[in-house]
Amino acid sequence: MGEQPITGILPSSIPYGGRPPTENPFKSILKTLQRPDGGEFGKYYSLPALNDPRIDKLPYSIKILLESAIRNCDEFQVKSKDVEKIIDWETTSPKQVEIPFKPARVLLQDFTGVPAVVDLACMRDAMNKLGGDSNKINPLVPVDLVIDHSVQVDVARSENAVQANMEFEFRRNKERFAFLKWGSNAFHNMLVVPPGSGIVHQVNLEYLGRVVFNTNGMLYPDSVVGTDSHTTMIDGLGVAGWGVGGIEAEAAMLGQPMSMVLPGVVGFKLSGKLRDGVTATDLVLTVTQMLRKHGVVGMFVEFYGEGMSELSLADRATIANMSPEYGATMGFFPVDHVTLQYLKLTGRSDDTVSMIESYLRANKMFVDYSEPQSERVYSSYLELNLEEVVPCVSGPKRPHDRVPLNEMKADWHACLDNRVGFKGFAIPKEYQSKVAEFNFHGTPAQLRHGDVVIAAITSCTNTSNPSVMLGAALVAKKACELGLEVKPWIKTSLAPGSGVVTKYLQNSGLQKYLNHLGFHIVGYGCTTCIGNSGDIDDAVAAAITENDIVAAAVLSGNRNFEGRVHPLTRANYLASPPLVVAYALAGSVNIDFETEPVGVGKDGKKIFLRDIWPSSEEVAHVVQKSVLPDMFKATYEAITKGNPMWNQLSVPSGTLYAWDPKSTYIHEPPYFKDMTMSPPGPHGVKGAYCLLNFGDSITTDHISPAGSIHKDSPAAKYLMERGVDRRDFNSYGSRRGNDEIMARGTFANIRLVNKLLNGEVGPKTIHIPTGEKLSVFDAAMRYKNEGHDTVILAGAEYGSGSSRDWAAKGPMLLGVKAVIAKSFERIHRSNLVGMGIIPLCFKPGEDAETHGLTGHERYTIDLPSSVSEIRPGQDVRVVTDSGKSFTCVIRFDTEVELAYFDHGGILQYVIRNLINVRQ
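Residues numbered from 1 in each chain as written. Predicted model: local features only at pLDDT ≥ 70, side-chain atom pairs only at ≥ 80, totals over all residues. Heavy atoms only, no water.

Engineer: In this structure, what is going on with the overall build of the protein chain? I would like to understand it.
Structural biologist: When helices and strands are tallied, the protein chain shows 32 helices and 34 strands. Taken over the C-alpha trace, the protein chain has a radius of gyration of 28 Å; the compact-globule value for 919 residues is 29 Å, and the two agree within 12%. Oriented by its inertia axes, the alpha-carbon framework of the protein chain measures out at about 90 × 75 × 55 Å. Across the 919 residues of the protein chain, 62% fall into the buried class. For the protein chain, restricting intrachain contacts to residue pairs at least 6 apart in sequence, the fraction spanning at least 24 positions comes to 76%. In the protein chain, which carries 92 positive and 103 negative side-chain charges, the distance between the mean positions of the two groups comes to 2 Å. (Helix = DSSP H or I, 4+ residues; strand = E, 2+ residues; numbered from the N terminus. Rg over C-alpha atoms; globule rule 2.2 N^0.38 Å. Buried < 20%, exposed > 50% of the residue type's maximum accessible area, 1.4 Å probe, protein only. Contact = heavy atoms within 4.5 Å. Lys, Arg positive; Asp, Glu negative; His and termini not counted. Charge placed at Lys NZ, Arg CZ, Asp CG, Glu CD.)

Okay, structure coming up:
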């Protein structure tokens, strides 16, 4: 990617809220970076030029936040006091202070990319209607959108699997793909990587990651927020990156700051070297368990120590990838010589690598282990000697439940005995040896508890790592040579994260052995790890369900929660790719590999795991011989050319999208209906009815549409009215580009507990004026049609859980004007503000019950008519028609959020500012 010109406007070049841009107060530390051979790379903000000894002790990951704050300081969105908070990190981080952060770029996938592109298309329409230049609506920071979440393993164990599965996907998703292709042509600063190219995080690592940007002669560290939790994989490359929700990503895309708590940083020291035969997967499962036990939620983890030199970049990326599983925001590996070697391997030019090294050394953000290391300060410390890591798996239901391989059989029997839970299935002793007889395409077959029915080499966690991928191929080679086979009813698959994997497997001559065992390549993208495992054979499925068999899946993924991989695999184990092959050969997780054979060879001899397991030296030799820079260059040159099915997609050429009113996938939302050039100003709430009355811990899963579309839901009714057959409903996720469906799916969770229903559970509410019980959507529409505002009452931690854009967009479309809660999850509160909804907090010790509120009252919230009269965090009086009134804190926490509210939302704010600035 370093070869391609990265265009774009520096985010700080746009005035905010009608204010003139402020000169950067740190302009005095703007320096010129010289090339080693003369000439200039560009300008940069020099951290050493601040001459502040506190900076030298900062973790490298915090320095990236510091540089961003300095470069973007405008005394409005980012202030000098924010810079000071970061410099004083050692003192401020324990205090949970908030800072603004502007990432260098945004990473999207197709599911989250569709609503983002819908919003951009709507903004263009609004700009056009207001008389502005609609072509000015473009992402203000580079956006990389990778279409990778659509690969279902419909066809496996076939030489033609890739083509067959791709054809299925284009048939299912043609409309979404065409829309994204239009977006890739219509918007500048947006790169769309077509389906079939790979998994977003591997493509990010091998191709998209810049490490250091050079934009219009300004040098600065690469940093990225992505709409998938495993965006953290890029941390292995020394790029600060993590997952966020859709609204935060859109805000960043439009040059707006993200508000984040200045995190603590756990220093994780590595020493020693992995023992022979131990894989990076074994290491990451060990690290995950350690960090889960330590407790790192909301924190950065930064790795350091002499053991770093023994870890390849791919090994580091494997560890960074699983940050969500150990709970950290990031698992960060600072840039060193290993990083630079990887950049060259993956086709980045010598000049780009030289620029990266020169910049990071000049800003003291490069780690050179040949020099004495200055002591960093961390919030807490952990240490692992790599020699202590042993082969292991994790499961059967959680990624941090690590099981050493030599204890696996005993652990499995314990799981059968234990009561139902994360480590238990409660199978009575007398049924634990049960054998389910079935007929597999004319051949008698048997299934027992623990038998493997899915074995998948999948997921960005491991498919980006040549050592484990080629290690799996060597296991396959040795197994084939000894005459071992995989049972035909086990659904085996290989889903590389990029075309590079295919090239080096073929170059090594080892792909044919994987094919022989059924591990044919099925496609390039997320598959089994996110539940896209496809169907298992009907006969196998019937044997499992009719006999209540606890069947197993073994996959090289990062998540194994029950029901995620496949509805019929209750036991799901995460393992290295070589172990996935081994378990496929054994056919069961109920095995002790030390004492029991994997199978019987062609000469009748028992074959043990040790007979087919390659040494670390063997693996390293094949990696060195087979993984070549030209493979990366050729693969990613081909990406920009697309593939035949993508290239044949016909899309309109206009820069304004031609909305199809009949489409049930892509629909124009009403965000900008009746929008004028003048901001509407603050809106109060007058005589509002309570739409929903909640207790504590209402999560974004309760609020946001997710999963399948229930046949009796308002969304199902909408689809059927438009001639969509029930079997074609698809999921809410696939229809995120249609606001009509997503609004109907808001608060449609079957486990919703609404106090207005007096104990009944489900997606219903009471229409207060009539007392009728209606779906939440139908009640909301009735209130809107009657001209009534609505509010939501809630308890503590409203909006907790994963950040979801539709958890704020949906309530706005339902007509909710305010949420009054005991407390909010931080990002969800910000998202509500971004959609023009007022977040109000009860005073400490107070809630709806202490005020005697039932939800049957009408609520009035008076606000000043001018935003200049509202202060962040000020008190506001809420008055009800029952005579009760109380004081709340208005949770606009910054001046920027007040500006959003003044404009009716973040998107409206951006449009008006673009018109004001660029006409």
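Next comes the rest of the write-up.
Engineer: Please explain the packing of helix α17 (residues 499-508) against helix α23 (residues 629-639) as it appears in this structure.
Structural biologist: To describe two helices that pack against each other, one gives the angle between their axes and the distance between the axes. Where α17 contacts α23, the axes come no closer than 9 Å and their chain directions differ by 135°. Between α17 and α23, the angle falls in the class oblique. Here the hand of the crossing between α17 and α23 comes out right-handed. The residues of α23 that touch α17, namely those facing G499, V500, K503, Y504 and N507, are M631, F632, A634, T635 and Y636. (Axes fitted to C-alpha atoms, helices over the stretch in contact; angles between N-to-C directions. Parallel < 35°, antiparallel > 145°, perpendicular 65-115°, else oblique. Left-handed = near helix turned anticlockwise from the far one by under 90°.)

Engineer: Looking at this structure, I do not really get the side chain of E897. What am I missing?
Structural biologist: Within the secondary structure layout, E897 lies in helix α31 (residues 895-903). A polar side-chain atom of E897 sits 2.8 Å from the main-chain amide nitrogen of D893. Once you skip the residues sitting within four places of it in the chain, E897 turns out to touch R829, S830, V833, R891 and F892. (Polar contact = N/O pair within 3.5 Å; in protein donor to acceptor, adjacent residues only side chain to side chain.)

Engineer: In this structure, what is going on with the sheet that holds strand β5 (residues 143-146)? I would like to understand it.
Structural biologist: Across a sheet, strands are paired by hydrogen bonds formed along the backbone, either parallel or antiparallel in direction. The strand order β6-β5-β4-β9-β10 describes an open sheet built from five strands, whose pairing is parallel. Looking at strand neighbours, the two that pair on one side only are β6 (190-193) and β10 (240-243), the edges of this open sheet. Sheet twist, expressed as the mean angle between neighbouring strand axes with direction ignored, is 15°. With four bridges joining them, β5 and β6 adopt parallel strand pairing. What sits directly across from D144, in β6, is L191. Here helix α7 (residues 200-208) sits on the sheet in contact with β4 (105-109), β5 and β6, set at roughly 140° to β4. (Pairing = 2+ DSSP bridges.)

Engineer: Before we go on, may I ask you to explain the nonpolar core in this structure?
Structural biologist: Grouped burial of nonpolar side chains is what soluble globular proteins tend to show. Core analysis: the biggest nonpolar cluster contains 312 residues, and W242 and Y798 have the highest contact counts within it. Looking at this core, the element that brings in the most residues is helix α5 (residues 110-129), giving 10 residues. Sequence-distant contacts of Y798, defined by excluding residues within four places in its chain, comprise F694, I698, I703, F747, I792, V819, A821, S823, F824, E825 and H828. In terms of nonpolar packing, the next biggest core, distinct from the first, is built from five residues, V153, A156, A161 and V522 among them. (Core = buried A, V, L, I, M, F, W, Y, C linked by side-chain atoms within 4.5 Å.)

Engineer: Could you clarify how one ought to interpret the pattern of salt bridges in this entry?
Structural biologist: When the charged atoms of two side chains with opposite charge come close together, those side chains can pair. Enumeration according to the criterion identifies 39 salt bridges in this entry. One salt bridge in this structure joins D401 and R398, with 2.9 Å as the shortest N-O distance. The partner of E772 in a salt bridge is R782, with the nearest N and O atoms 2.6 Å apart. Highlighted residues: E772 in strand β28 (residues 772-775) and R782 in helix α28 (residues 776-785), separated in sequence by 10 residues. (Salt bridge = Lys/Arg side-chain N within 4 Å of Asp/Glu carboxyl O.)

Engineer: Can you walk me through the sheet that holds strand β31 (residues 838-842) in this structure?
Structural biologist: On the basis of which strands lie adjacent, the closed barrel formed by seven strands has the order β26-β29-β30-β31-β34-β33-β32 and mixed pairing. Strand-to-strand twist of the sheet, defined as the mean angle between neighbouring strand axes without regard to direction, takes the value 40°. Both strand β33 (residues 875-880) and strand β34 (residues 885-890) contribute to a ladder of five bridges, which runs antiparallel. From the neighbouring strand, D875 faces β34, where its bridge partner is V889.

Engineer: Mind showing me how you'd approach the environment of D417 here?
Structural biologist: Its location among the elements puts D417 in helix α14 (residues 408-417). Sequence-wise, D417 and I427 are 10 residues apart; in three dimensions their C-alpha atoms are separated by 5.9 Å. Aside from chain neighbours lying at most four places away, what touches D417 is A426, K429 and Q432.

Engineer: Can you walk me through unusual backbone geometry in this structure?
Structural biologist: Peptide bonds are, in most cases, trans, and in most cases residues other than glycine have a negative phi. With an omega of 10°, the peptide bond running from G395 to P396 counts as cis. As for its position among the elements, P396 is in the loop between β16 (392-394) and β17 (402-404). Positive phi, close to 50°, is recorded for N216, a residue that is not glycine. Of note, N216 is situated in the loop between β7 (212-215) and β8 (218-221). When its relative accessible area of 65% is taken as the criterion, N216 is described as exposed. Phi at E797 takes a positive value of approximately 60°, unusual for a residue other than glycine. You can see E797 is positioned in the loop between β29 (790-793) and α29 (806-814).

Engineer: Explain α28 here, please?
Structural biologist: Within an α-helix, residues lying three or four positions from one another point in the same direction, as the helix has 3.6 residues per turn. Considered for burial, the residues of α28 that qualify are V776, F777, A779, A780 and Y783. When α28 is viewed along its axis, its buried side chains cluster within an angular range of 165° and face the same direction. (Arc of directions from axis to C-beta.)

Engineer: Would you mind showing me how to read the packing of aromatic side chains here?
Structural biologist: Both the distance between ring centres and the angle between the ring planes are used here to describe each pair of aromatic rings. Scanning the model with the defined rule gives 27 aromatic pairs in all. Relative to W242, the ring of F101 lies with its centre 5.4 Å away and its plane at 25°, an arrangement referred to as stacked. Remark: W242 occurs in strand β10 and F101 occurs in strand β3 (residues 98-101); sequence separation between them is 141 residues. In terms of burial, F101 and W242 fall into one category: buried. (Phe/Tyr/Trp six-rings, centres within 6.5 Å; stacked < 30°, edge-to-face > 60°.)

Engineer: What should I look at first to understand the environment of C392 in this one?
Structural biologist: Following the sequence through the fold, C392 ends up in strand β16. For C392, a relative accessible area of 0% puts it in the buried group. Between the C-alpha atoms of C392 and N406, which are 14 residues apart in sequence, the distance is 8.0 Å. Setting aside residues up to four positions removed in sequence, C392 forms contacts with D282, L285, T286, R402, V403, P404, L405 and L579.

Engineer: It is not clear to me how α31 should be interpreted in this structure. Could you clarify?
Structural biologist: Most of α31 sits inside the fold, with eight of its nine residues counted as buried. Directly after α31, the chain includes G904, whose backbone phi takes a positive value near 90°.

Engineer: Explanation requested: a negative patch on the surface in the structure shown.
Structural biologist: The grouping of E306, E383, E387 and E388 at the surface amounts to a negative patch. Locating E306 in the fold gives a position in the loop between β13 (300-304) and α10 (313-321). (Patch = residues over 30% accessible without salt bridge, like charges linked within 9 Å, V, L, I, M, F, W, Y side chains within 5 Å. Areas by Shrake-Rupley, 256 points an atom, 1.4 Å probe, with all protein chains shown as cover.)

Engineer: Can you help me understand the pairing of strand β32 (residues 858-861) in this one?
Structural biologist: Two faces, one strand: in a regular strand the side chains alternate between the faces of the sheet. Going residue by residue along β32, you find Y859 and I861 tucked away on one face and R858 and T860 left uncovered on the opposite face. Bridge analysis of strand β26 (residues 685-693) against β32 gives three bridges, and the strand direction is antiparallel. When the sheet's bridge partners are listed, A688 is paired in β32 with Y859. Where β32 lies against β33, three bridges are found, and the strand directions are antiparallel. Within β33, the position partnered with Y859 by the bridge is T880.

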